[in-house]
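Inside the fold
Each chain is listed here by its residues.
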Amino acid sequence: MAKYYFAVASKKFLLEEEPLEEVLRERTNYYSMINKTIDFWLISNPSFFQKTEFLQLKQAMNKPIAAIVSTNPVFIDWIKLRIGYVFTGEFEEASIDHIKNELSEIE
(Lines give C-alpha, C1' and ligand atoms only; values in the text may rest on other atoms or scores of the structure.)
Protein backbone atom coordinates (compact mmCIF):
# COMPACT_ATOMS: atom_id res chain seq x y z
CA MET A 1 0.00 0.00 0.00
CA ALA A 2 1.28 3.41 -0.95
CA LYS A 3 0.76 6.46 1.25
CA TYR A 4 -0.77 9.60 -0.27
CA TYR A 5 -1.16 13.03 1.27
CA PHE A 6 -3.88 15.51 0.44
CA ALA A 7 -5.15 19.03 0.83
CA VAL A 8 -8.90 19.29 0.39
CA ALA A 9 -11.36 22.18 0.29
CA SER A 10 -14.58 23.11 -1.41
CA LYS A 11 -14.37 22.86 -5.17
CA LYS A 12 -15.50 26.47 -5.50
CA PHE A 13 -12.77 27.70 -3.15
CA LEU A 14 -9.93 25.81 -4.82
CA LEU A 15 -10.97 26.30 -8.43
CA GLU A 16 -12.56 29.76 -8.39
CA GLU A 17 -11.43 31.77 -5.37
CA GLU A 18 -7.76 30.78 -5.12
CA PRO A 19 -5.03 31.12 -7.78
CA LEU A 20 -4.59 27.33 -7.72
CA GLU A 21 -4.09 27.00 -11.46
CA GLU A 22 -1.16 29.42 -11.30
CA VAL A 23 0.32 27.71 -8.23
CA LEU A 24 0.18 24.25 -9.83
CA ARG A 25 1.48 25.57 -13.16
CA GLU A 26 4.49 27.14 -11.41
CA ARG A 27 5.15 23.90 -9.52
CA THR A 28 4.87 21.88 -12.75
CA ASN A 29 7.37 24.21 -14.45
CA TYR A 30 9.73 23.92 -11.49
CA TYR A 31 9.55 20.10 -11.58
CA SER A 32 10.28 20.22 -15.30
CA MET A 33 13.34 22.42 -14.76
CA ILE A 34 14.81 20.03 -12.19
CA ASN A 35 13.74 16.91 -14.14
CA LYS A 36 11.46 15.67 -11.39
CA THR A 37 8.44 13.50 -12.13
CA ILE A 38 5.08 15.05 -11.29
CA ASP A 39 3.94 13.60 -7.96
CA PHE A 40 0.72 15.55 -7.45
CA TRP A 41 -2.76 15.54 -8.93
CA LEU A 42 -5.87 17.71 -8.74
CA ILE A 43 -9.00 15.61 -8.30
CA SER A 44 -12.63 16.69 -8.18
CA ASN A 45 -14.85 14.76 -5.74
CA PRO A 46 -12.12 12.23 -4.89
CA SER A 47 -13.32 8.71 -4.13
CA PHE A 48 -10.89 8.29 -1.22
CA PHE A 49 -13.02 10.83 0.63
CA GLN A 50 -15.74 8.15 0.86
CA LYS A 51 -13.61 6.19 3.35
CA THR A 52 -15.04 6.01 6.86
CA GLU A 53 -12.11 7.86 8.41
CA PHE A 54 -13.10 10.97 6.44
CA LEU A 55 -16.85 10.78 7.12
CA GLN A 56 -16.85 13.51 9.78
CA LEU A 57 -14.77 15.85 7.62
CA LYS A 58 -16.98 15.17 4.60
CA GLN A 59 -20.11 15.97 6.61
CA ALA A 60 -18.55 19.18 7.93
CA MET A 61 -17.73 20.38 4.43
CA ASN A 62 -21.14 19.43 2.96
CA LYS A 63 -20.16 20.80 -0.48
CA PRO A 64 -18.61 19.46 -3.67
CA ILE A 65 -14.90 19.13 -2.95
CA ALA A 66 -11.61 19.09 -4.79
CA ALA A 67 -8.33 17.69 -3.54
CA ILE A 68 -4.67 18.05 -4.34
CA VAL A 69 -3.15 14.60 -3.81
CA SER A 70 0.57 13.88 -3.67
CA THR A 71 3.09 11.28 -2.64
CA ASN A 72 5.14 14.13 -1.16
CA PRO A 73 4.03 15.31 2.32
CA VAL A 74 6.28 18.39 2.12
CA PHE A 75 4.44 19.54 -1.02
CA ILE A 76 1.09 19.23 0.75
CA ASP A 77 2.45 21.21 3.72
CA TRP A 78 3.60 23.88 1.25
CA ILE A 79 0.10 23.95 -0.33
CA LYS A 80 -1.42 24.37 3.15
CA LEU A 81 0.87 27.34 3.82
CA ARG A 82 0.38 28.83 0.34
CA ILE A 83 -3.40 28.50 0.09
CA GLY A 84 -4.43 28.43 3.72
CA TYR A 85 -8.01 27.32 4.17
CA VAL A 86 -7.62 23.63 3.34
CA PHE A 87 -7.83 20.45 5.38
CA THR A 88 -4.87 18.12 5.10
CA GLY A 89 -4.45 14.44 5.78
CA GLU A 90 -3.23 11.16 4.43
CA PHE A 91 -4.56 7.83 3.24
CA GLU A 92 -3.26 4.57 1.84
CA GLU A 93 -4.16 3.16 -1.55
CA ALA A 94 -3.10 -0.09 -3.17
CA SER A 95 -2.44 1.44 -6.58
CA ILE A 96 -1.85 4.85 -8.09
CA ASP A 97 -4.03 3.77 -11.02
CA HIS A 98 -7.13 4.36 -8.90
CA ILE A 99 -6.11 8.00 -8.42
CA LYS A 100 -5.14 8.50 -12.05
CA ASN A 101 -8.55 7.22 -13.17
CA GLU A 102 -10.18 10.15 -11.39
CA LEU A 103 -8.14 12.85 -13.14
CA SER A 104 -10.53 13.20 -16.05
CA GLU A 105 -13.31 14.32 -13.69
CA ILE A 106 -12.12 17.93 -13.34
CA GLU A 107 -14.61 20.18 -15.08
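Residues numbered from 1 in each chain as written. Predicted model: local features only at pLDDT ≥ 70, side-chain atom pairs only at ≥ 80, totals over all residues. Heavy atoms only, no water.

1. Details of helix 2 (residues 20-33)
Taking 1.5 Å per residue, 14 residues should reach 20 Å; helix 2 reaches 20 Å between its end C-alpha atoms and fits that length. Looking only at helix 2, the buried set comprises Leu-20, Val-23, Leu-24, Arg-27 and Tyr-31. The buried residues of helix 2 occupy one face: seen down the axis, they fall within an arc of 90°. In helix 2, the exposed positions that point more than 90 degrees away from the buried face belong to Glu-21, Ser-32 and Met-33. On its buried side, helix 2 packs onto helix 1 (11-17), strand 2 (40-44), strand 3 (65-70) and helix 4 (73-83). One or two residues past the end of helix 2 sits Asn-35, with phi positive at roughly 55°. (Helix = DSSP H or I, 4+ residues; strand = E, 2+ residues; numbered from the N terminus. Expected span 1.5 Å × (residues − 1). Buried < 20%, exposed > 50% of the residue type's maximum accessible area, 1.4 Å probe, protein only. Arc of directions from axis to C-beta. Contact = heavy atoms within 4.5 Å.)

2. A short note on the packing of aromatic side chains
The description of an aromatic ring pair rests on the distance of the ring centres and on the angle between the ring planes. All told, the structure shown has 15 aromatic pairs when counted by the stated rule. A centroid spacing of 6.4 Å and a plane angle of 80° characterise the contact between Phe-13 and Tyr-85, whose relative ring orientation is edge-to-face. Here Phe-13, found in helix 1, pairs with Tyr-85, found in the loop between helix 4 and strand 4 (87-93); they are 72 residues apart in sequence, far enough to count as distant. Its relative accessible area of 72% is what places Tyr-85 among the exposed residues. Seen in terms of ring centroids, Phe-48 and Phe-91 are 4.1 Å apart; in terms of plane orientation they differ by 10°. Their pairing is stacked. Residue Phe-48 is found in the loop between strand 2 and helix 3 (55-61), and its partner Phe-91 is found in strand 4; the two are separated by 43 residues along the sequence. On the accessibility criterion, Phe-48 (4% relative accessible area) is buried. One aromatic cluster is present, built from ring pairs that chain together Tyr-4, Phe-6, Trp-41, Phe-48, Phe-49, Phe-54 and Phe-91. For the cation-ring pair, Arg-27 lies above Trp-78, with the distance from its terminal atom to the ring centre recorded as 4.4 Å. (Phe/Tyr/Trp six-rings, centres within 6.5 Å; stacked < 30°, edge-to-face > 60°. Lys NZ or Arg CZ within 6 Å of the ring centre and 35° of its normal.)

3. Some thoughts on helix 4
What helix 4 keeps buried is the set Phe-75, Ile-76, Ile-79 and Ile-83. For helix 4, the arc enclosing every buried residue in end-on projection is 100°, short of the 170-degree limit, so these residues lie on one face. Exposed residues pointing more than 90 degrees away from the buried face of helix 4 are listed as Val-74 and Leu-81. Next to the buried residues of helix 4 lie strand 1 (2-10), helix 1, helix 2, strand 2, strand 3 and strand 4.

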